[in-house]
Amino acid sequence: MSKSITVQGIYACLAVADFERGVIFYTRLMGRAPDDQPMPGMAQWRNMNGAGLQLWHEPENAGHGRTTIVVPVMDDERRRLANAGLALSADMVGDWGVVAQIADPDGNQITLAEPPKGFVG
C-alpha cells in the first residue's frame, strides 16, 4: 500500500445563490467576518483547528450542501447563535453525543455536533 495523504487542513465548501446574503448568514453562524475573500464570489473562514469554511457564489449548486461542525459544548453554541438571531433545531442525543441542525437561506444543511464525553478524535 502507498503512503497515506498528509493533510494540513480541510475546508467545508458550500454554494449560495445570493453571495452577500450568504456572507451575512455565515458571519452570524461563525461569530466573525470571513478571514478573506481571495477571489470574486468566494469567502473563507480559516484557521479553525486545521479546518475552514469556504462559501462560493454558485447559484446552480446552492442549497445542496451538507457539512458538520464539531463543537465542544452544544449549549454554549445554542446560546451564542440565539444571541446572533439564529435558531438550531432541537437537540438529538444518543451514544454519538449531541447534534442539532440549521439551514442557511439557500437550504444548505449545517449540523453542529458535540461528541460524547471522553471522545478522542
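Residues numbered from 1 in each chain as written. Predicted model: local features only at pLDDT ≥ 70, side-chain atom pairs only at ≥ 80, totals over all residues. Heavy atoms only, no water.

Here we look at the overall build of the protein
The condition is simple: Each helix is a run of DSSP H or I of at least 4 residues and each strand a run of E of at least 2, with the numbering of both proceeding from the N terminus. The rule is simple: take the accessible area with a 1.4 Å probe, protein chains only, and divide by the maximum for that residue type; under 20% is buried, over 50% is exposed, in between is partly exposed. The criterion used for residue contact is that any of the two residues' heavy atoms lie within 4.5 Å. Surface accessibility in these figures is a Shrake-Rupley result with a 1.4 Å probe; residues are shielded only by whichever protein chains are displayed.
For the protein, the count of helices and strands is 2 helices and 8 strands. Starting at the N terminus and walking to the C terminus, you meet the elements of the protein as β-α-β-β-β-β-α-β-β-β. Dimensions of the protein, computed from C-alpha atoms along their principal axes, come out at roughly 45 × 40 × 25 Å. The buried share of the protein, reckoned over its 121 residues, is 35%. Taking contacts inside the protein between residues at least 6 apart in sequence as the whole, the part at least 24 apart equals 54%. Carbon and sulfur atoms form 55% of the exposed surface of the protein, whose accessible area is close to 7600 Å².

Regarding the environment of Thr-111
With respect to the helices and strands, Thr-111 occurs in strand 8 (residues 109-114). Linking Thr-111 and Ser-89, residues 22 residues apart in sequence, is a C-alpha distance of 9.4 Å. Once residues within four sequence positions are removed from consideration, Thr-111 is found in contact with Thr-67, Thr-68, Ile-69, Val-99, Ala-100 and Gln-101.

As for the nonpolar core
We count it as follows: For the purposes of this section, nonpolar cores are sets of buried Ala, Val, Leu, Ile, Met, Phe, Trp, Tyr and Cys residues that join through side-chain atoms within 4.5 Å.
One finds Tyr-26, Leu-29, Leu-55 and Ile-110 to be the most contacted residues of the largest nonpolar core, which totals 23 residues. Among the elements of the structure, strand 1 (10-16), helix 1 (19-30), strand 3 (42-48), strand 4 (51-57), helix 2 (74-83), strand 7 (97-103) and strand 8 are those that each provide at least two residues to this core. Of all the elements, helix 1 adds the most residues to this core, at 6 residues. Leu-29 has contacts with Arg-80, Leu-81, Leu-86, Ile-102 and Ile-110, leaving out every residue within four places of it along the chain.

Structural notes on helix 1
What counts here: An expected span of 1.5 Å times one less than the residue number is assigned to each helix. This arc is taken over the directions from the axis of the helix to the C-beta atoms.
The first and last C-alpha atoms of helix 1 sit 16 Å apart over 12 residues, in line with the 16 Å expected at 1.5 Å per residue. Listed as buried for helix 1 are Phe-19, Gly-22, Val-23, Phe-25, Tyr-26, Leu-29 and Met-30. In a view along the axis of helix 1, the buried residues occupy a sector of 165°, so they form one face of it. Exposed positions of helix 1 whose direction lies more than 90 degrees from the buried face are Glu-20 and Ile-24. Residue Gly-31 follows helix 1 closely and has a positive phi angle near 80°.

Remarks on unusual backbone geometry
The backbone of Asn-47 shows a phi angle near 55°, a positive value even though the residue is not glycine. Along the chain, Asn-47 falls in strand 3. The phi dihedral of Asn-49 falls on the positive side, at around 55°, and the residue is not glycine. Its place among the elements puts Asn-49 in the loop between strand 3 and strand 4. For Asn-49, a relative accessible area of 84% translates into the label exposed.

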